[in-house]
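# Close look at the chain arrangement
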Amino acid sequence: MSDNSVSIKEKSDVLADVLRALQQEEVIAYPTEAVFGLGCDPDSEKAVNALLALKQRPWQKGLILIAANYEQLKPYIDDSALSDSQRETIFSCWPGAVTWVIPARAETPRWLTGSFGSLAVRVSDHPLVQQLCLQYGKPLVSTSANLSGHEPCRTDEEVRTQFGPSLPVLFGKVGGRLNPSEIRDALTGKQFRQG
């Protein structure tokens, strides 16, 4: 067996381990466009609470969902609240590093929306995020991988240093962006965070 086939097998083993961790309601780390993200199953209150505790982040702030495509986001957002031109504007940025705040469906859990009636969502262009969300079959919660007061992690080594060796990590390189994603309101176009 060549070295190349070993590394491909190792990569698929790591992906399988990360997918298993998600199914077991654990928090994982994975590379995104600019930094490593912490993620979990958005439908698991237990997993989201573990992520919030790890980040020391209040639930009221709400979270971002990251997906492989728009269809994965539809169970969580109110697509009917968007006009055709608003949808066109959103799609012109996706896949990519723009996060859009869209009205949430009434049944979207509060552990995702926090104290808001909307949800921040993004279709990522990072190939590992795409692969992870497609294989898992749904979007993931996404927040920067860093402890409160620390810089966001940009390598898997930094993730290990901040969070220890037991956190499941999907190894890979972050994209070339320097800043986290831009965040905009889908209804008004207002910018909440510059990218």
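Residues numbered from 1 in each chain as written. Predicted model: local features only at pLDDT ≥ 70, side-chain atom pairs only at ≥ 80, totals over all residues. Heavy atoms only, no water.

- Going by the annotation in an unreviewed UniProt entry, the name recorded for the protein chain is Threonylcarbamoyl-AMP synthase, with Yersinia aleksiciae given as the source organism.
- Database annotation for the protein chain, UniProt heading Catalytic activity (unreviewed entry): "L-threonine + hydrogencarbonate + ATP = L-threonylcarbamoyladenylate + diphosphate + H2O".
- The UniProt entry for the protein chain carries the following comment under Sequence similarities (unreviewed entry): "Belongs to the SUA5 family. TsaC subfamily." (UniProt positions renumbered as here; feature names shortened; annotations may be inferred.)

### What to know about the packing of aromatic side chains
- Scanning the entire structure with this criterion turns up two aromatic pairs.
- When the ring of Y70 is compared with that of F91, the centres are 4.8 Å apart and the planes differ by 80°; the resulting orientation is edge-to-face. Highlighted residues: Y70 in helix α3 (residues 70–73) and F91 in helix α4 (residues 84–93), separated in sequence by 21 residues.
- On the basis of relative accessibility, which here comes to 10%, the residue Y70 falls in the buried class.
- Taken together, Y70, F91 and W94 form an aromatic cluster joined through their ring pairs. (Phe/Tyr/Trp six-rings, centres within 6.5 Å; stacked < 30°, edge-to-face > 60°. Helix = DSSP H or I, 4+ residues; strand = E, 2+ residues; numbered from the N terminus. Buried < 20%, exposed > 50% of the residue type's maximum accessible area, 1.4 Å probe, protein only.)

### Observations regarding unusual backbone geometry
- Cis geometry is adopted by the peptide bond preceding P95, which originates at W94 and carries an omega value of -10°.
- Tracing the backbone shows P95 in the loop between α4 and β4 (98–103).
- Residues other than glycine seldom take positive phi values, yet Q56 does so here, at roughly 55°.
- With a relative accessible area of 57%, Q56 lands in the exposed category.

### Focus on α4
- Of all the positions in α4, only Q86, R87 and I90 are classed as buried. Axial view of α4: buried residues confined to an arc of 100°, hence all on one face. Facing away from the buried surface of α4 by more than 90 degrees, the exposed residues are D84, E88 and S92.
- Against α3 and β4 lie the buried residues of α4. (Arc of directions from axis to C-beta. Contact = heavy atoms within 4.5 Å.)

### What about the environment of R87?
- Summarising the element assignment, R87 is placed in helix α4.
- A relative accessible area of 16% places R87 in the buried class.
- The contacts of R87, once residues within four sequence positions are left out, are Y70, D79 and L82.

### Some details on the pairing of β4
- Across the six residues that make up β4, a large majority, six, are buried.
- Judged from the four bridges that link them, β4 and strand β7 (residues 182–185) form a sheet pairing that is parallel. By the bridge assignment for β7, V101 is matched with D185.
- Alignment of β4 against strand β5 (residues 118–123), held across four bridges, turns out to be antiparallel. Residue V101 lies in a different strand from β5, and its bridge partner there is A120. (Pairing = 2+ DSSP bridges.)

### Some words on the pattern of salt bridges
- On inspection of all chains with the given rule, the structure shows nine salt bridges.
- Here K138 and D41 are joined by a salt bridge, their closest N and O atoms 3.1 Å apart. Remark: D41 occurs in the loop between β2 (36–39) and α2 (45–55) and K138 occurs in the loop between α6 (127–136) and β6 (140–144); sequence separation between them is 97 residues. Like K138, the residue D41 is buried in the burial classification.
- Across the pair R184 and E182 runs a salt bridge whose closest N-O atoms are separated by 2.7 Å.
- Because the salt bridges share partners, they merge into one network encompassing D41, D43 and K138. (Salt bridge = Lys/Arg side-chain N within 4 Å of Asp/Glu carboxyl O.)

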